[in-house]
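Structural characterization, general
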Amino acid sequence: MLKVYNTLNNKKEKFETVESGKVKMYVCGLTVQNYSHIGHIRSAINYDVIRRYLEYLGYDVDYISNFTDINEKIVKRAEEEDMSPEKLANKYANAFLEDIRAFNIKAADKYLRVSENIDEIIEMVSTLIGKGYAYEMNGDVYFSVESFDDYGKLSGRSIEDMQAGARIAVNEDKKNPLDFALWKKVDEGEGWESPWGEGWPGWHIECSAMSMKRLGPSFDIHGGGVDLIFPHHENEIAQSEAYSGKQFAKYWLHNGTVNLSGEKMSKSLGNFFTSREVLKEFSGQVVRYFLLTRHYRSPIDFSYEKLEEAKTSLDRLINTRRQLAEVLSYDIKSAEVSEDDERFFAKISEVQSDFKDALDDDFNTAGGIGVLHDFAGCINSYINRNDFSLNEKNFSILEEAEEIFLELAEILGLEFSIDKSEIKSSDLAPQLIDLLINLREDARKNKDWDKADLIRDKLMEMGIEVKDTPRGAEWQIIKKEEN
RNA sequence: CCAUCCAUAGUAUAAUGGUAGUGCGAAGGAUUGCAAAUCCUAAGGUGUUGGUUCAAUUCCAACUGGGUGGUCCA
């Protein structure tokens, strides 16, 4: 049974969807003002895994995210890059979509853009004014926090508490310093027409208007980084529930920050790694694996050293998958089933449920990876033992093991592809490589180590690694980006 | 100051009211012509203090230390 930690109550709760069999989720995307950094990617990967797992469980998932393409930062950056704000926003939205592919993140079913939903936003603001939750002041519209009884329920604070610790500058136009803008006045020619004059939507209103437009007033999951709990998500709840009179999102999920020597990676602090620079050093798969070795709600410390370790660790899983595929290509020697076989068979059936138990517990990917490693160890020790031979029974069991191994990895978005297949476009290459391997085998039989090593070394230079296993020589293409 | 989360071997991470697992690293061994990969073996751990309990690493409280938020943020 799936349990998720809900920030709304600070508890793990049983997961029950609003509509049976369907999950509607909205994940706060980013302001498209620059290239994405690892913090953004962690969030995207996290919700990608959540989505994949929900789909694995059989839910029909509608996964929605957004691009904030209107605000001061974008205008400022557009000036710096000497292009229109629209063009800049587009450029970085497209860059993000490219980036997520490198990390094997599935695209959202829909990315909503503020600039395309102005009408809905204006309608929502008008309604809030009509219901007495908001007021207009010199072309700005503010939401009155005191008018909404539940204000503070997500971040667990009362209005009084917040006022005491507030760092916010006092604004004369606001009735209460905590009131937030739903609509902001801008100079002529720079904004959108509205009943309150020309202006822009406030930061929080977009997510409310767009999520409700697509998913309805009540939906299942609303996700984002912990740094959005207050004020962003708190304000979203206030304005959405004030607007609809219904519960907004049922489960509020928040991923932890990516830190750099203990401090949050962020644009404003300037201590960030962009996805693109990291991808020059490590594959998206390694980064993904690394980020998933920590529970999503906890902060994670980022460094290249840790990515290096993650790569070694991930390679172990990939090697297992390769050996499994290799073994399954052998001829069956219908030998008898031994005790070792039986023990191995029993193990396989445990793996799936162990993995599911981990993910059921608030999407514990770190635990899931542990199960995968445990599984890999079993497979390795089984197929590498000296008296291993393929019989009819264990062939089908190993096939099943391979299938399960890949299926579980797939939930985490990890794909252990076999490199030989990647060069199948030219059928000649594998044949040529096999020829060289055979020549090397002959050399080895004659103890002509110089020639044998020469072939191995030269192949290595070309990016083809040769390994002599108890089963004979095996080769694989080494991806350049991983070296 | 307030809110909230966290504290596990050298390191990074899981789990659990009763025997604390996994990866990386380091040690020894097996395998190998040498490698690579893999396996086996052993080593090594629950921040401090108190409480609840037959039993606490787990639950509770305080403390200490850290993260995040209280301002733009994923």
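Residues numbered from 1 in each chain as written. Chains lettered and ligands numbered in written order. Predicted model: local features only at pLDDT ≥ 70, side-chain atom pairs only at ≥ 80, totals over all residues. Heavy atoms only, no water.

1. Comments concerning the overall build of chain A
A tally of regular secondary structure across chain A gives 16 helices and 16 strands. Based on the C-alpha atoms only, the size of chain A along its principal axes is roughly 90 × 50 × 35 Å. Residues counted as buried form 50% of the 483 residues belonging to chain A. If you take every contact in chain A between residues at least 6 apart in sequence, the share linking residues at least 24 apart comes to 75%. (Helix = DSSP H or I, 4+ residues; strand = E, 2+ residues; numbered from the N terminus. Buried < 20%, exposed > 50% of the residue type's maximum accessible area, 1.4 Å probe, protein only. Contact = heavy atoms within 4.5 Å.)

2. Here we look at the domain arrangement of chain A
Taken domain by domain, chain A consists of domain 1 (3-300), domain 2 (303-417) and domain 3 (420-482). Relative placement of domain 2 and domain 3: their C-alpha centres are 25 Å apart. (Domains from an automatic or database assignment.)

3. Details of the sheet that holds strand E9 (residues 199-201)
Taken in spatial order, the four strands of this open sheet run E6-E7-E8-E9, and their pairing is antiparallel. The two strands at the open ends of the sheet, each matched to only one other strand, are strand E6 (134-137) and E9. The average angle at which neighbouring strand axes cross in this sheet is 20°, direction not considered. Bridge count between strand E8 (residues 180-185) and E9: three bridges; the pairing is antiparallel. Bridge pairing links tryptophan 183 to proline 201 in E9. (Pairing = 2+ DSSP bridges. Axes fitted to C-alpha atoms, helices over the stretch in contact; angles between N-to-C directions.)

4. Thoughts on the nonpolar core
By size, the foremost hydrophobic cluster in this structure holds 88 residues, and its most contacted members are Met25, Leu54, Leu253, Leu291, Phe302, Phe344 and Leu398. At nine residues, helix H1 (residues 38-56) tops the list of elements feeding residues into this core. When residues of this core are assigned to domains, at least three fall in each of domain 1 (3-300) and domain 2 (303-417). Beyond its immediate stretch of four places on either side in the chain, phenylalanine 344 contacts Cys378, Ile379, Tyr382, Ile397, Leu398 and Ala401. (Core = buried A, V, L, I, M, F, W, Y, C linked by side-chain atoms within 4.5 Å.)

5. Topic: the pattern of salt bridges
Scanning all chains against the criterion turns up 33 salt bridges. Between arginine 444 and aspartate 468 there is a salt bridge; the shortest N-O distance is 3.4 Å. Here aspartate 468 lies in strand E15 (residues 464-469) and arginine 444 lies in helix H15 (residues 428-445), a separation of 24 residues in the sequence. Exposure remark for arginine 444: the relative accessible area of 27% places this residue in the partly exposed category. A network of salt bridges, in which partner residues are shared, links Asp48, Arg52, Arg288 and Glu410. (Salt bridge = Lys/Arg side-chain N within 4 Å of Asp/Glu carboxyl O.)

6. Concerning the sheet that holds strand E5 (residues 110-113)
Here we have five strands laid out as an open sheet, ordered E5-E4-E3-E10-E11, and parallel in their pairing. Only two strands of the sheet have a single neighbouring strand rather than two, namely E5 and strand E11 (249-255). Here the average twist between neighbouring strands, direction ignored, is 25°. Taken together, the eight bridges between strand E3 (residues 22-31) and strand E4 (residues 60-68) define a ladder with parallel strand orientation. By the bridge assignment, leucine 30 is partnered in E4 with phenylalanine 67.

7. Comments concerning the protein's contact with RNA strand B
The local shell around RNA strand B holds 63 residues, among which Lys73, Trp203, Lys264, Met265 and Ser313 are the closest. Separating a base nitrogen of RNA strand B from a backbone N or O atom of valine 258 is a distance of 3.1 Å. In this structure, a sugar or linking oxygen belonging to RNA strand B sits 3.4 Å away from a side-chain N or O atom of asparagine 259. For the surface near RNA strand B, the leading source of residues is helix H10 (residues 304-327), giving seven residues. Of the residues belonging to the surface near RNA strand B, the class tally is 15 nonpolar, 30 polar and 18 charged. (Near = heavy atom within 4 Å. Polar contact = N/O pair within 3.5 Å; in protein donor to acceptor, adjacent residues only side chain to side chain. Nonpolar A, V, L, I, M, F, W, Y, C, P; charged D, E, K, R; others polar.)

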